[in-house]
Amino acid sequence: MVSLPPQRLYGYTGRILEIDLTHKKAIKIETPRELARDFIGARGFGAKILWDRMKPGTDPLSPESVMVVSWSPFTGTSAQSFHKVFVMFKSPLTGAYFRSVGGGFFAAEAKFAGYDAIVITGRAEKPTYVWIRDDEVEFRDATHMWGATVDGAVEMIRDETDKEARALAIGPGGERLVKIACVVTDDYRTPGRGGSGAIWGAKNLKAIAVRGTKRPELFKPDEFGELVREQVEVFKKSPLLDPFQRLGTNSIVYQFYTLGHHPTYNFKNIELENAEVWRPEVLEKYIVKHVGCFGCMIRCGKRWKLTKGPFAGLYHDFPEYETHWSMGSTCGVTNLEAIAYANMLCDKYGIDTISAGNLVGFAMELYEKGIISEREADGLRLRWGDPDVLVELVRKIALREGIGNVLAEGAVRAAEIIGRGAEKYAMHSKGLELPAYDPRAAKSHGLSYATSNIGGSHMIGWNKYEILGMPEKVDPLTVEGKGELTKRVQDQIAAYEAAGWCAFAELVQTAGYGSVEKTMDWMARALYAATGVEEFKDPKHIWLVGERVYNLERAFNVREGYTRKDDWLPERFLREPFPRAPAKGQIFELDRLLDDYYTVRGWDLKTGTPTRKKLEELGLKEVADELERLGKLPA
Amino acid sequence: MRVYVEFLGYAAEKVGRRWMWLEAETGCTLGDLFAKHLGSTIGAELANALTEAFTRRELAVAVNGRLVDRLEHVLEDGDRLLVFPIAAGGA
Ligand code: SF4
């Protein structure tokens, strides 16, 4: 791409911090203007930096493995809900590109310290935490906190640094290189998926803590202030604001079950008795406090308190929609207290609740089918619906104990170790355990599971058209036009995630406007007012960044050897008809949907690889050149 | 014919019930059901308010687990309706 003359970048801090753990060196690099213009920030920065810096075939757990932690030009400003922390890496769970999104306060604090992103490389000699205070970066010994849960480590770090420090940390799961371990925020608004915690564990990195005193300078502060006021007004008139504020993602558990999502019993999806426990009025009773991320009036986070049953006394972050499913429906568990307790264990040990629960459901089905015995399960009878088994298995996975040591490898590897046909029941795509939607009950959403560059994620292409009928209703069970819809949704998400936005806030704003276009127009205007980057004025440029990011992430995987055969879903979805209303009788038409999708994307039908024409159209000529050099560009 | 109507969230609070069966004539539309049959059970004012919330897309209705976006939708005997405030989820 054409490079630009140096010019002030407003909204950005203008610096990227590189942390080299091997040499205990902190290097500050100027944020390239072209990087800002072409990739905006957050997920966009991650995709580009990983493409540039990661050699194909790098072991994600090696010192050479690179991780990008980033946010956006909006982060730390008054714009609503643009303060998420994005973590990009090559996943030790899947071997593919990965991006995971968390909330809380870390990103804003790191921006205040003066950085647009942190790039982590190398491996520390011994357990280390990194303490960033504005320009000062210290590598500190973490030996005494190695082995502690996330909350324990955060407390120690705050004692040793600053009571107000914000942190990302790993727990025992990451230290033990559990493949579903994650980096956790100090308030549990965690980028949970893909195994980021194992990378930190391998790098001997226990935590990064930060405190900052600077504030981003805006290009047109008055105009920007007006745009934020417009945003707040749109939020206020949005029908989604009240449910989100009252219950967060718990407002829809029961409804989604009724609509054919929230799969049961490891995606067998037979009726679940007692699904009424997920009615909003039941879940609301557990809420004792509302919490939110930096700069967000939605405050969708909730604290639960348990007063009865074997887990009485728990006071912790609530189980999100996904966790009600992973610790609940997919294991046949309807005991909300056990779900909340297992959720808390995941947070403290630092493992992904979605993958953990998926793996418990997987183990339960293997037990039901006689593929694993009570003896192999350390004497546990892995019966569907048993809350004690759920809690015990989650603990075992986090600590790599007994059967947990096998499951800690993730569904694909665990199935290989177990053998005896176990792989048939491993519910994943590209090695990422599937979350709380069934591809047979929402075809575009399912197509996004199959084609997602990070594997089975619901957030890469969360389909508001199919799932909420918003802003326009699309029949979730048809296949026509789903390639186009999937591309549109994936590109829009990539675009607003490059701007560091929260997916829930986008839904609230789009429901308020009644239109995706209006939301994207608003974002373009606000990005320009914040940064002064001329190109951001045009919403078409923002959409193009989304498509560019999506294609670059794809190219990363192509370079790693991924092809059409990896855009795959388990046989269960392709052959077993969905057994309950409303998708009764449905299967997932994978090949037909893939052909449609690749065609719309301008990718090669045989390999699922972006063509030179497509890459050049997106300004990614050098990416096409490299793929060609490696013999991976379609003829 | 009879249809089963289940209410969630503020819809349940306003109606004061979680579910009810309603008798309706063959060919009855969602709009008719709300205006006539729900109206005679919970009062015309409240039934109207729910209809308006549906039109403004603040309230969603699923019939047998499938979202319906038109008041003209024709109901059938034994249909199960879920009436709920539109809400979203994800993570
Ligand atoms: S909507 Fe929820 S997750 Fe998103 S920024 Fe606000 S509080 Fe955080």
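Keep in mind the model is a prediction, meaning the values are calculated, not measured.

What counts and how
Residues numbered from 1 in each chain as written. Chains lettered and ligands numbered in written order. Predicted model: local features only at pLDDT ≥ 70, side-chain atom pairs only at ≥ 80, totals over all residues. Heavy atoms only, no water. Axes fitted to C-alpha atoms, helices over the stretch in contact; angles between N-to-C directions. Helix = DSSP H or I, 4+ residues; strand = E, 2+ residues; numbered from the N terminus. Parallel < 35°, antiparallel > 145°, perpendicular 65-115°, else oblique. Contact = heavy atoms within 4.5 Å. Nonpolar A, V, L, I, M, F, W, Y, C, P; charged D, E, K, R; others polar. Domains from an automatic or database assignment. Buried area = accessible area lost by both parts, 1.4 Å probe. Salt bridge = Lys/Arg side-chain N within 4 Å of Asp/Glu carboxyl O. Buried < 20%, exposed > 50% of the residue type's maximum accessible area, 1.4 Å probe, protein only. Pairing = 2+ DSSP bridges. Near = heavy atom within 4 Å.

Asker: Which parts of the structure should I look at to understand the packing of helix 22 (residues 539-559) of chain A against helix 24 (residues 590-601) of chain A?
Answerer: Helix-helix packing is described using two parameters, namely the angle between the two axes and the distance between the axes. All names here are of chain A. At a minimum axis separation of 13 Å, helix 22 and helix 24 run at an interaxial angle of 120°. By the angle class used here, helix 22 and helix 24 are oblique. Facing helix 22, whose interface residues are Glu 547, Tyr 550, Asn 551 and Arg 554, helix 24 presents Tyr 597, Tyr 598 and Arg 601. A breakdown of the residues in the contact of helix 22 with helix 24 according to their chemical character gives three nonpolar, one polar and three charged.

Asker: What's the story with the domain arrangement of chain A in this structure? I'm lost.
Answerer: Interfaces are frequently sized by the accessible area removed from exposure as the parts join. Residues and elements named next belong to chain A. Per the domain assignment, the segments of chain A are domain 1 (15-211), domain 2 (245-429) and domain 3 (439-501 + 538-629). Taking only C-alpha atoms, the centre of domain 1 and the centre of domain 3 are 27 Å apart. The interface of domain 1 with domain 3 comprises 33 residues on the first partner and 33 residues on the second. When domain 1 packs against domain 3, close to 2700 Å² is buried across both sides, 61% of that on carbon and sulfur atoms.

Asker: Whenever I open this one, the interface of chain A and chain B confuses me. Can you help?
Answerer: Contact residues are listed per partner, giving 38 residues for chain A and 25 residues for chain B. Between chain A and chain B the total buried area reaches about 2500 Å² when both faces are included, carbon and sulfur atoms providing 60% of it. Viewed at the interface, chain B and chain A are joined by four salt bridges. Between Glu6(B) and Arg279(A) there is a salt bridge whose closest N-O contact spans 2.6 Å. If you tally residues by element for the side of chain A that touches chain B, the top one is helix 9 (residues 253-258) of chain A, at four residues. Partitioning the side of chain A that touches chain B into residue classes produces 23 nonpolar, seven polar and eight charged.

Asker: Any chance you could explain the pairing of strand 3 (residues 59-63) of chain B here in plain terms?
Answerer: Note on strand geometry: in a regular strand, side chains alternate between the two faces of the sheet. All names here are of chain B. In terms of burial, strand 3 is a largely internal element, five of the five residues being buried. Here five bridges tie strand 3 to strand 5 (residues 80-85), and the two strands are oriented antiparallel to one another. From the neighbouring strand, Ala 62 faces strand 5, where its bridge partner is Leu 82.

Asker: Looking at this model, I keep getting lost on the site of the ligand. Mind explaining?
Answerer: Residue and element names in this part refer to chain A. Taken together, Ser 81, Lys 84, Arg 189, Gly 292, Cys 293, Cys 296, Ile 298, Arg 299, Cys 300, Cys 502 and Phe 504 are the residues near the ligand. Looking at the shell around the ligand residue by residue, the classes come out as six nonpolar, two polar and three charged. For the shell around the ligand, the domains that each give at least three residues are domain 1 (15-211) and domain 2 (245-429).

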